Amino acid sequence: MSKQLQFKLVLLGESAVGKSSLVLRFVKDQFDDYRESTIGAAFLTQTVALDDGTTVKFEIWDTAGQERYKSLAPMYYRNANCAVVVYDITQSSSLDKARNWIRELQRQADPSIIIALCGNKSDLAARRQVTQEEAQKYAEEEGLMWAETSAKSGDGVADIFTAIAKKLPTTAQPAARAGAARAGAATGRAGVDLNKQNAATSNDPCNC
Amino acid sequence: MDADGNFDVVIFGTGITESIAAAALSKAGLKVAHLDSNAYYGGDEASLTLEELAQWADSRQPAAAQTSPYLSEQRNKFTSITRSSTIPDHPRQYSVSLAPSLITSVGPLITSLVSSGVSRYGGYRLLERVGLYDSAVGIRNVPGSKEDVFKSQEMSLLDKRRLMRFLMFASGDFEDKKELLGHQDSPFIEFLRTAFSLGKEVSEAIAYALAFCTSSTDPTLTALQRLRSYLRSSGRYGSSPFLVGHYGGLGEIAQGFCRVSAVNSGVYILDRPIRSIISSSNSVENTATPTGDFSPSRRDKYVVELEDFPEPMTADLIISSASLLPEGLRETAHFLPQQTSSTVLSRARCIAIIDRPISFPTSLRADEDPSPEPASVADTNPVPSVDNSPVDTSVVVFPPSSLEGGSSTSAVHAFITGQGSMSAPQGKYIVYLSVPMDETQDTLPETILNPYLDAILSLTVSPSPEASIPPTPLFTLFYAEHPSERTQSTSTENKSSTVLVSPPISTALSETSDAASDAAEVLFFKAIEILKARRREAWTVREGSVEAGSGGDVFEELKFWPPLDGDPEEEAGEW
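Conventions used here
Residues numbered from 1 in each chain as written. Chains lettered and ligands numbered in written order. Predicted model: local features only at pLDDT ≥ 70, side-chain atom pairs only at ≥ 80, totals over all residues. Heavy atoms only, no water. Helix = DSSP H or I, 4+ residues; strand = E, 2+ residues; numbered from the N terminus. Buried < 20%, exposed > 50% of the residue type's maximum accessible area, 1.4 Å probe, protein only. Areas by Shrake-Rupley, 256 points an atom, 1.4 Å probe, with all protein chains shown as cover. Contact = heavy atoms within 4.5 Å. pLDDT = per-residue confidence, 0-100. Phe/Tyr/Trp six-rings, centres within 6.5 Å; stacked < 30°, edge-to-face > 60°. Lys NZ or Arg CZ within 6 Å of the ring centre and 35° of its normal. 1 Å grid on protein atoms, 1.4 Å probe; cavity = no way out; pocket = protein on both sides within 12 Å on 5 of 7 lines; lining within 4 Å. Points joined across faces, edges and corners; volume = space filled by probe spheres on them. Pairing = 2+ DSSP bridges. Axes fitted to C-alpha atoms, helices over the stretch in contact; angles between N-to-C directions. Salt bridge = Lys/Arg side-chain N within 4 Å of Asp/Glu carboxyl O. Polar contact = N/O pair within 3.5 Å; in protein donor to acceptor, adjacent residues only side chain to side chain. Parallel < 35°, antiparallel > 145°, perpendicular 65-115°, else oblique. Nonpolar A, V, L, I, M, F, W, Y, C, P; charged D, E, K, R; others polar.

Per an unreviewed UniProt entry, chain B goes by FAD/NAD-P-binding domain-containing protein and derives from Artomyces pyxidatus.

Per an unreviewed UniProt entry, chain A goes by the name Ras-domain-containing protein and belongs to Artomyces pyxidatus.

**Student:** Explanation requested: the overall build of chain A in the structure shown.
**Tutor:** Tallying secondary structure elements over chain A gives six helices and seven strands in all. Secondary structure elements in chain A, listed N-terminal to C-terminal, are β-α-β-β-α-β-α-β-α-β-α-α-β. Counting the 208 residues in chain A, one finds 52% classified as buried. Just so you have it, chain A exposes about 9,300 Å², and 46% of that area is on carbon and sulfur atoms.

**Student:** What should I look at first to understand the overall build of chain B in this one?
**Tutor:** Of regular secondary structure, chain B possesses 13 helices and 21 strands. Taken over 575 residues, chain B has a buried fraction of 59%. The contacts of chain B with a sequence gap of at least 6 include a subset with a gap of at least 24, amounting to 75%. As presented, chain B carries roughly 23,200 Å² of accessible surface, and 51% of it is formed by carbon and sulfur atoms.

**Student:** What is the right way to read the confidence of the model for chain A from this model?
**Tutor:** In low-pLDDT regions, the fine details of the predicted coordinates are not to be read closely. Residues and elements named next belong to chain A. Averaged over chain A, the pLDDT score is 83; the fraction of residues at 70 or greater is 80%. This stretch, residues 174-189, has a pLDDT under 50; its non-local contacts, to residues over four places away or in other chains, come to 52 contacts. Counted against residues more than four places away or in other chains, residues 199-208, with its pLDDT under 50, gives 15 contacts.

**Student:** Whenever I open this one, the packing of aromatic side chains confuses me. Can you help?
**Tutor:** All names here are of chain B. All chains considered together, the criterion is met by 29 aromatic pairs over all chains. Measuring from ring centre to ring centre gives 5.1 Å for Phe166 and Phe196, while their planes differ by 75°; the resulting arrangement is edge-to-face. In this pair, Phe166 sits in helix α6 (residues 157-171) while Phe196 sits in the loop between α7 (188-195) and α8 (200-210), placing the two residues 30 residues apart along the sequence. Here the aromatic residues Phe166, Phe169, Phe174, Phe188, Phe191 and Phe196 are joined through ring pairs into a cluster of three or more. Positioned above the aromatic ring of Phe174, the side-chain terminus of Arg228 is 4.1 Å from the ring centre.

**Student:** Could you clarify how one ought to interpret empty space enclosed by the protein in this entry?
**Tutor:** Where empty space is left becomes clear once a probe the size of a water molecule has been rolled over the atoms. Residues and elements named next belong to chain B. This structure, assessed with the given rule, holds five cavities of 30 Å³ or more. Reported here for the largest cavity is a volume of approximately 500 Å³. Surrounding the largest cavity, 38 residues form its lining, Asp44, Glu45, Lys77, Pro504 and Ile505 being those nearest its centre.

**Student:** Help me understand the sheet that holds strand β1 (residues 4-13) of chain A, please; the structure alone is not making it clear to me.
**Tutor:** To summarise the sheet geometry, strands pair through backbone hydrogen bonds and adopt either a parallel or an antiparallel arrangement. Residues and elements named next belong to chain A. Across the sheet, which stays open at both edges, the six strands sit in the order β2-β3-β1-β4-β5-β6 with mixed pairing between neighbours. At either margin of the open sheet sits one strand with a lone partner, and together these are β2 (43-49) and β6 (145-148). When the angles between neighbouring strand axes are averaged without regard to direction, this sheet yields 25°. As paired elements, strand β5 (residues 114-120) and β6 share four bridges and run parallel to each other. What sits directly across from Ala116, in β6, is Met145. Against the sheet, helix α3 (residues 92-108) engages β1, β4 (82-88) and β5, with an angle of about 165° to β4.

**Student:** For this particular structure, what's the right way to read the sheet that holds strand β20 (residues 475-481) of chain B?
**Tutor:** Residues and elements named next belong to chain B. One open sheet accounts for eight strands, arranged β4-β20-β16-β19-β18-β17-β8-β9; its pairing is mixed. With one partner strand each, in any of the chains shown, β4 (78-83) and β9 (138-141) form the two edges of the open sheet. Averaged over all adjacent pairs, the angle separating strand axes in this sheet is 20°, with direction ignored. The sheet contact formed by strand β18 (residues 412-417) and strand β19 (residues 429-436) spans three bridges and is antiparallel.

**Student:** So what exactly am I meant to see when it comes to the pattern of salt bridges here?
**Tutor:** Side chains that differ in sign of charge can pair as their charged atoms come close. Residues and elements named next belong to chain A. Summed over the entire model, instances satisfying the criterion amount to 28 salt bridges over all chains. Residues Glu67 and Lys19 are paired through a salt bridge, measuring 3.1 Å at the closest nitrogen-oxygen approach. Note that Glu67 is positioned in the loop between β3 (55-61) and α2 (74-77) and Lys19 in helix α1 (residues 19-28), a separation of 48 residues in sequence. In this structure, Glu67 and Lys19 share a single accessibility class: buried. Note that Asp29 is salt-bridged to Arg25, the shortest N-O span being 2.9 Å.

**Student:** I'm lost on helix α2 (residues 50-59) of chain B in this one. Help?
**Tutor:** In an α-helix there are 3.6 residues to a turn, and that puts residues three or four apart on one side. Among all positions in α2 of chain B, only Leu50, Leu53, Ala54, Trp56, Ala57 and Ser59 of chain B are buried. Buried-residue contacts for α2 of chain B involve β3 (47-48), α3 (69-77), β4, β5 (96-97), β16 (347-354) and β20 of chain B.

**Student:** Can you walk me through the side chain of Asp44 of chain B in this structure?
**Tutor:** Residues and elements named next belong to chain B. Considering the arrangement of structural elements, one finds Asp44 in the loop between β2 (32-36) and β3. Within the structure, the side chain of Asp44 is placed 3.1 Å from the side chain of Gln74, a separation counted as a polar contact. For Asp44, the residues in contact, after removing those within four places along its chain, are Tyr70, Gln74, Lys77, Phe78, Leu98, Ala99 and Ser323.

**Student:** Would you mind going over unusual backbone geometry with me for this structure?
**Tutor:** Most of the time, phi is negative for any residue but glycine, and the peptide bond is trans. All names here are of chain A. The phi dihedral of Ala16 falls on the positive side, at around 70°, and the residue is not glycine. With respect to the helices, strands and loops of the structure, Ala16 is situated in the loop between β1 and α1. Among the residues examined, Ala16 registers a relative accessible area of 64% and is labelled exposed. Not every positive phi belongs to a glycine, and Asp29 is a case in point at roughly 55°. If you trace the backbone, Asp29 turns up in the loop between α1 and β2.

**Student:** I tried to follow the environment of Ala39 of chain B on my own but got confused; where do I start?
**Tutor:** All names here are of chain B. Mapping Ala39 onto the fold places it in the loop between β2 and β3. We classify Ala39 as exposed; its relative accessible area is 55%. The spacing of Ala39 and Arg272 is 233 residues in sequence and 7.9 Å in space, taken between C-alpha atoms. When sequence neighbours within four positions are dropped, the list of residues in contact with Ala39 reads Leu270 and Asp271.

**Student:** For this particular structure, what's the right way to read the packing of α6 of chain B against helix α9 (residues 220-233) of chain B?
**Tutor:** The description of two packed helices rests on the angle between their axes and on the distance between the axes. Residues and elements named next belong to chain B. Here α6 crosses α9 at 95°, and the two axes come no closer than 8 Å. Relative to α9, the element α6 is oriented roughly perpendicular. Facing Phe166, Leu167, Phe169, Ala170 and Ser171 of α6, the residues of α9 in contact are Leu224, Leu227, Arg228, Leu231 and Arg232. Here the contact of α6 with α9 is composed, by residue class, of seven nonpolar, one polar and two charged.

**Student:** Can you help me understand the confidence of the model for chain B in this one?
**Tutor:** Residue and element names in this part refer to chain B. A residue-level look at chain B finds 83% of positions with pLDDT of 70 or above and a mean pLDDT of 85. Per-residue pLDDT stays below 50 along residues 364-386; that stretch engages in 41 contacts with residues further than four places along the chain or on separate chains. Overall, residues 567-575 carries pLDDT values under 50, and its contacts beyond four positions in sequence, including any with other chains, amount to 23 contacts. Scored as a complex, the prediction yields pTM 0.89 and ipTM 0.86.

So, in structure tokens, the structure goes:
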């Protein structure tokens, strides 16, 4: 029996550390050297199949640039099951920023959130400013998952998402998109999905 | 922000109206910078944690140390603020709304939510119950639909027939019906009693609990129009016409619209007050046409500088909430008029936290519908036929003179919501009370609303039959909210201005959300009109905005919300 679980994953990290590239590699297996800062999609989805037959569907939220001037809305963290906090191994300051984001997550997000710290641009190891030991030690202290990735080469990208998928609770009701399912589960009734109107008694939705 | 900091529009304020406008303008391909001097989203419609709410209240006290033009405006807008000194446990688990509101299931805001894609970001629940306060019995159920009327055991057959006839009338096109002729402006209750021979109790229930009238003199036509929109809304997502947004409603929804703007390359900068705005006139000529219409020859640009922010921004157009409008722009700004007829009134408001649910009578439960149709809710759990779980989200209506010590002229609509709308921790409920205030009297909001809060507490479920401790609120905040004084220009009407101020929106519980969407739509089209006149040549080349190849007049067909594009991830079928 296979079952599919859906989880909300939020991305965090300083601008230009490769958050969107990481997702693009994971979701579409693509990389673009000259990618402009984040544009376009409200969220992307990708599914990971686990060995036990469970499939985990990630609903991946990008910051849409709202992190740049510390203007990320609380809504961004709502119902997030997991977070990937990205730093650039060639910029030691980006790890400091990552620490700030992790503190922010610990303050804002659900306490059960799974956080993965991700050192991106491992293909540029020659210009490394953040050692693996330093990042790993910090991750262990804070109870975070940790990995290095290269969105450019693809190294480690699928692995970190798979590792997160394995760590997510397979029994609990995932906090699904729109909170609708969760609200329904929490209260037994009255969660509403605005995109699904009541077919049985549907009125003309036109309001003219 | 691009290297040169150039924008089409700079928007001040992340209130619900400005946020919807920002999303629509960004989606239309315009470059938007959206700023707020607050550290939070939502402006005067924000959703705040209890700590943030306490801070919000304290910073608006007249004697508070901090000053700024914005805070001075806020201190005129919000007065007579009193709050509990202690804040309950888990203050971060509350999302308290500064603008509590119900969302009609068929209406402008729902249309904006669905058409913009914002509906996929947040959660909603149905308003479970609307009850009418009756000092003798507590809460009376309100028959909200034809099914309810049919099932009611409290009404005689004759009454049922009369009520049915009225509900048919009210849900149809009544504008030209003979019953209404000559009565458009007469009091609605009087109309119900004379034109439809309805009894006093039924008339009051219709006026205050179904049509959300606030006084016995509310005019018939507007009450009927409201009622029709509510009757037509019921059934879309469930039997209640109203939805309640999770995490404090409009404040959270505003964040959703801001995200849509950001996803469409809107730039967000919060927590930075404006340092200066300079209007740089680099035009050859600087004249408005004699008719006052906008003249495309005007080429003013605004240069906006923020505190603690290195680069200045330039914009062709400024949109501002009334609260954040810089004083220096007031004289030349175009204050857009209110879209609905009902006046924006001063209100006494109360926000209270209680730890017991409201006890409703058991019959007429919205989700006890025995009909075999599938439940309208997205949740797949079958709805149990007998549900003893407490009512989470409800409205209790106090008609005028229904409460000793209460108002004899105004109805009070108490809105109560808890964990079910993700606004409070388990077992806690937020009570919102509000009533229009007569500004000529200097009665304090606390004095006006305390009897209602006591009545609400008396309607709660006791934790055990023996419990003798009278219920007390865990937290209260009382304040008066006045319409912004900045709703008019100091000079003549600046129809050609490139500074637009958001129209005032109704502060009534059932009207705010739709009024905001209507206001945003007006802002959007006005902004497009201005920018189109100024930058005609630029429109056709902007990438990713509008369909290419339709020449210079692409804006003729511009819609408030273009169809959601077919990004397969975004539009995945099962969503």
